[in-house]
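Chains, contacts and geometry: an overview
One letter stands for each residue in the lines below.
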Amino acid sequence: MNKKLAMIAATTLAIGFTSAAQAQDMGGNEQPFSGVYVGAAGGYDIQGNDLGSRLQFDRNGDGSFNDPVTTAAGADAFSPGFCNGRAFNGDVSRGCENDRNKASYYARVGFDKQMGNLVVGAVGEFGKSEIKDFVAGFSTTPASYTFERSLNWEASARLRAGYAIGSGMFYATGGAGYADIKHRFETTNAANTFTPNNDGKKKFGFIVGGGVEKFITRNITIGAEYTYHDYKDNNYNVLVTQGSAPATNPFVLAPNTAGTNIRRSDPDFRWHSLRGTVGFHF
């Protein structure tokens, strides 16, 4: 397990046990979680292992990305293979850089209603994660081709339901996400011409998770939260045309001389987020 993930998970459990075991004097307020609050969340985001990801090719423009790219002699032009990472300067022998797991930071506003031990409410959130998701392929030229996706921003509207014990609460949360996904393509191939096509980069998805929260003063809470984020992202592709390459180039080899569309095989942009939270309750 990633060391940072383990550390944050341990912190989450510690806060949870503390919340369940201790009840802080809230000045006679028997429903401390009722009302409006604003807050912030920040932590570390980790992507799942997308082992087996590769590049896919549409050689005849029919929209089906299951065509082989072969040389004039009929050999597989991508026989060096693929990797679920970022290529190192086109040298397949050096392998690939892993996906980048990075920090995230969000602002939030919400409203809860407490009824005895039961707490229900809604929360809206806006922020950004620094994660990057790569996939790369290597051709026999030799050359490398890397697709990268990252987040410009993410917004969500989620429901929240919890069980309060004194000044602490365990809760589950889930709802809709909306993300502006950024794409980037890089290659060491200087002969062909590459034209990116991004048919809509703003995507709807979903977010689910849970956490613990505890009042440390009458108005301020701290907590720990886990969320899972999932977006379908399969519209980005790159059209490869002849450029200065000869007519025998695999991307424009007759009879399909108009070029080849390339995309990544994995349509899902998803990650796990572990973060601390702080809130001010009015």
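Each helix and strand in the protein chain was counted, giving one helix and 16 strands. Across the 282 residues that make up the protein chain, the buried fraction comes to 44%. By sequence separation, contacts in the protein chain at least 24 residues apart represent 76% of the contacts at least 6 residues apart. Summing over all exposed atoms, the protein chain offers an accessible surface of approximately 13,100 Å²; the carbon and sulfur share of this is 58%.

Let's shift gears to the state of the cysteines. Counted according to the given criterion, the structure contains one disulfide. Disulfide pairing places Cys83 opposite Cys96 at an S-S distance of 1.7 Å. Judged by the sign of its S-S torsion, about -75°, the cystine formed by Cys83 and Cys96 is left-handed. Of this pair, Cys83 sits in strand β3 (residues 81-83) while Cys96 sits in strand β5 (residues 96-97), placing them 13 residues apart in sequence. Among the residues examined, Cys96 registers a relative accessible area of 22% and is labelled partly exposed.

This part is about the pattern of salt bridges. Inspection of the entire model under this criterion finds 21 salt bridges. Between Arg275 and Glu225 there is a salt bridge whose closest N-O contact spans 3.3 Å. With Arg275 in strand β16 (residues 268-281) and Glu225 in strand β13 (residues 220-232), this pair connects stretches of sequence that are 50 residues apart. The pair Arg275 / Glu225 is uniform in exposure class, with both members buried. The salt bridge partner of Asp268 is Lys232, with a shortest N-O separation of 2.7 Å. Of the two residues, Asp268 is situated in strand β16 and Lys232 in strand β13; the sequence distance between them amounts to 36 residues. Each of Arg86, Glu97, Arg100, Lys132, Glu148, Arg184 and Glu186 takes part in one network of salt bridges that share partners.

What counts and what doesn't
- Residues numbered from 1 in each chain as written.
- Predicted model: local features only at pLDDT ≥ 70, side-chain atom pairs only at ≥ 80, totals over all residues.
- Heavy atoms only, no water.
- Helix = DSSP H or I, 4+ residues; strand = E, 2+ residues; numbered from the N terminus.
- Buried < 20%, exposed > 50% of the residue type's maximum accessible area, 1.4 Å probe, protein only.
- Contact = heavy atoms within 4.5 Å.
- Areas by Shrake-Rupley, 256 points an atom, 1.4 Å probe, with all protein chains shown as cover.
- Disulfide = S-S within 2.5 Å.
- Salt bridge = Lys/Arg side-chain N within 4 Å of Asp/Glu carboxyl O.

Read these as spatial facts, not as claims about activity.
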